[in-house]
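If you want the building blocks of each chain, they are given just below.
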Amino acid sequence: MRQTTLVEARPAKVGQSRRRLEISDVTFKWILLLPAVLAVIALLIFPFLFTLGVSFTDWHLFNRGAPINFVGFKMWASVLSSKYIHTTTLNTLGFVATAVPIEFGLGLLVALALNEATRGRSFFRVFFLMPLMISPIAVVFIIGRLMLHEDIGAVNAILMKLGFERVMWLSDPMTARFTIILVDVWQSTAFMILMFLAALQSLPQEPYEAAIVDGSTALQRFRYITLPLLGPVALTATLIRGLDAFKVIDIIYALTGGGPGQATESVTLTVYRTGVKGGDIAFGSAAAYLLLILMALFAFLLMLAMRRWVRRTTD
Amino acid sequence: MARQRRLKQIVAYTILFFWTLVVAIPTYWLVITAFKLPQDINARATFIPWVDFTPGLHAFQDVFIRQGLVNSRPFLNSIVVALSTAALSTVIGGAGGYALARFPFQIGRFSNDRIAFGFLIQRMFPPAVLLIPFLLLYRRLGLLDTLSGLVLVYCAFSIPFVVWMMRDFFRTIPVEIEESALIDGCDRVGVLFRIAIPLSAPGVVTAFVLVMIGSWNEFLLALTFMFNKAVTVPLFLTLQTSVQYGTQYWNMAVIAIFSVLPVVIAGLALERYITRGLTFGAVK
């Protein structure tokens, strides 16, 4: 099928060999990229800025006909001084600060074990990935509704058989927070396992060989070689998982609906409640931006730590 | 040395065994719940089929035959939404990723790496910030409770991800193959369709599957914009827990199993490739 004559008639230079369709590289590359860029500008960047704008007004969806006024930082002030927002912000921060370290620790532990395993490694790896594929809502149903049901769940049944008291997984505020973390850990530890295992398997072998020759113990090799080399991946994993944890809503909405009271309500759920359900879109917008600022701060601090780590290891 | 090694293996397999139980027991519990009769759930916890309860197919009959029509709607919706979102964002995002991998760009002070990073950052933004503008827009355009509305907002979130992922993928394919095709007289479009896409087929499939899984599982946006006609599976599952006459755990278990099966199969089949997509290329 090669058109020999056409090719021979044409100088064999990359720059001139594509006249047939009459599009230049410049046109072509923009045709490819432009849809994605336009989609992002129209569907993400513009809405982001719009929300910022709304947060400086007193726009309420259910006040039909009322004029929308620009009120400056008034809405921000009411968000920042609202007890409701304080509670849900603390809940969110508490969730991130508890769930992510637990997942980090368990994930690292399981990944190290997987890395040591000689038999059945691919089975375990695939099996452990499963919770990550399932929707959080299904996870809530499996863990929260079936396993941890206060009356008919498997866990309470076993606990009571062993002579313990029945645990009120959802009706006590502190326990409900713990239950939400438990559900998240069941699902998202898989992500940490994935990250750490991939990192462990791409570690260079030379430092280990040298350390063995120098007569080091396994513990020393772990402490002085493995851990430092895992640093960058550990920070990246924390960054991705942490940012995801800040956005938590599915688990909470489906498991406790934010209750009892507001003990488990997250900021995203507050935005949904006030802005979408309550129609107070100005308040909701400001609350959403508060979440964005918290996440940006978290990302900034982690990036700073990462930069410092890289500098220290390259020095 | 040999003893140390043996000890390490024992510790490693203890941990693996423990985590296998953690993952397996709830899964087992979900599956047996689907085969239980109401009284074996509501009266007390029952653990082993044929020992403390007799398994039956009544929940499957309920879900598929008696309530088949009601239950099929959210599944059909989810299939349509997941496939359209995956197709649209793979095409648009894949094209963008290819462009960023192969051509030099300059938008103001931003060159390729910066533009790609700009796409990645979108992925980190909280959807909470998008709820309100989309709500206002959809009210105006009549897109609330429509499948096309849901596909549009899902594409907004998945296109940046696909761009980032596919750029990463295209960059691992040696550019020389495409250059020699150009010299042989293939045009740019031909190079893209006959060489670049076939060579990066695993990447294209992974992007497609990951977006599909993501839209199949997404909850918050579906909750905000859909309420009746265009309800998707996760939303349907939450609505079922608040049915008036108490939750029918057996039926929900059947629905949950079928909501989970397609994504688990797709995900596990592509496990090798998916790792890279999920870690944003942080780990190769």
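The rules behind these values
Residues numbered from 1 in each chain as written. Chains lettered and ligands numbered in written order. Predicted model: local features only at pLDDT ≥ 70, side-chain atom pairs only at ≥ 80, totals over all residues. Heavy atoms only, no water. Helix = DSSP H or I, 4+ residues; strand = E, 2+ residues; numbered from the N terminus. Rg over C-alpha atoms; globule rule 2.2 N^0.38 Å. Contact = heavy atoms within 4.5 Å. Areas by Shrake-Rupley, 256 points an atom, 1.4 Å probe, with all protein chains shown as cover. Lys, Arg positive; Asp, Glu negative; His and termini not counted. Charge placed at Lys NZ, Arg CZ, Asp CG, Glu CD. Domains from an automatic or database assignment. Buried area = accessible area lost by both parts, 1.4 Å probe. Polar contact = N/O pair within 3.5 Å; in protein donor to acceptor, adjacent residues only side chain to side chain. Salt bridge = Lys/Arg side-chain N within 4 Å of Asp/Glu carboxyl O. Patch = residues over 30% accessible without salt bridge, like charges linked within 9 Å, V, L, I, M, F, W, Y side chains within 5 Å.

## Examining the overall build of chain A
Thinking step 1. A tally of helices and strands in chain A yields 13 helices and zero strands.
Thinking step 2. When its helices and strands are written in sequence order, chain A yields α-α-α-α-α-α-α-α-α-α-α-α-α.
Thinking step 3. The C-alpha radius of gyration computed for chain A amounts to 27 Å, which surpasses the reference 20 Å derived for 315 residues by more than 25%, pointing to a less compact arrangement than a globule.
Thinking step 4. If one aligns the C-alpha atoms of chain A with their principal axes, the spans along those axes are about 80 × 75 × 45 Å.
Thinking step 5. Pairs at least 24 residues apart make up 66% of the contacts formed inside chain A by residues separated by at least 6 positions.
Thinking step 6. Counting only carbon and sulfur atoms, one obtains 66% of the accessible surface of chain A, whose full area is about 15,300 Å².
Thinking step 7. Taking the average place of the 27 positive charges on the side chains of chain A and the average place of its 19 negative ones, the gap between the two points comes to 6 Å.

## Focus on the domain arrangement of chain B
All names here are of chain B.
Thinking step 1. You can read the domains of chain B as domain 1 (2-59) and domain 2 (67-278).
Thinking step 2. With centres defined by C-alpha atoms, the gap from domain 1 to domain 2 works out at 33 Å.
Thinking step 3. Contact residues are listed per partner, giving 10 residues for domain 1 and seven residues for domain 2.
Thinking step 4. When domain 1 packs against domain 2, close to 690 Å² is buried across both sides, 85% of that on carbon and sulfur atoms.
Thinking step 5. Together, Leu-30, Ala-34 and Ala-59 form the three largest contributors to the area buried by domain 1 at its contact with domain 2, with a combined 53%.
Thinking step 6. At the boundary of domain 1 and domain 2, one finds zero residue pairs in polar contact (both at pLDDT 80 or more).
Thinking step 7. Among the secondary structure elements, those contributing two or more residues to the side of domain 1 that touches domain 2 are helix H1 (2-34), helix H2 (38-42) and helix H3 (58-66).

## Observations concerning the interface of chain B and chain A
Thinking step 1. Chain B puts 93 residues into the contact, and the matching count from chain A is 100 residues.
Thinking step 2. Buried area between chain B and chain A, summed over both chains or domains, comes out near 8,900 Å², and the portion from carbon and sulfur atoms is 80%.
Thinking step 3. A per-residue breakdown of the area chain B buries against chain A is headed by Trp-19, Val-129 and Ile-132 of chain B, which together make up 8% of the total.
Thinking step 4. In this assembly, chain B and chain A are joined by three salt bridges.
Thinking step 5. One salt bridge connects Glu-271 of chain B with Arg-125 of chain A, and the closest N-O pair in it is separated by 2.8 Å.
Thinking step 6. At the surface where chain B touches chain A, the tally comes to 14 residue pairs in polar contact (both at pLDDT 80 or more).

## A few points about a nonpolar patch on the surface
All names here are of chain B.
Thinking step 1. On the surface, a cluster of nonpolar side chains totalling about 510 Å² of accessible area is made up of Phe-64, Ile-65, Phe-258, Leu-261 and Ile-265.
Thinking step 2. Residue assignment for the nonpolar patch shows that the elements contributing at least two residues are H3 and helix H13 (249-269).
Thinking step 3. Counting residues per element, the nonpolar patch draws most heavily on H13, at three residues.
Thinking step 4. As for its position among the elements, Ile-265 is in helix H13.

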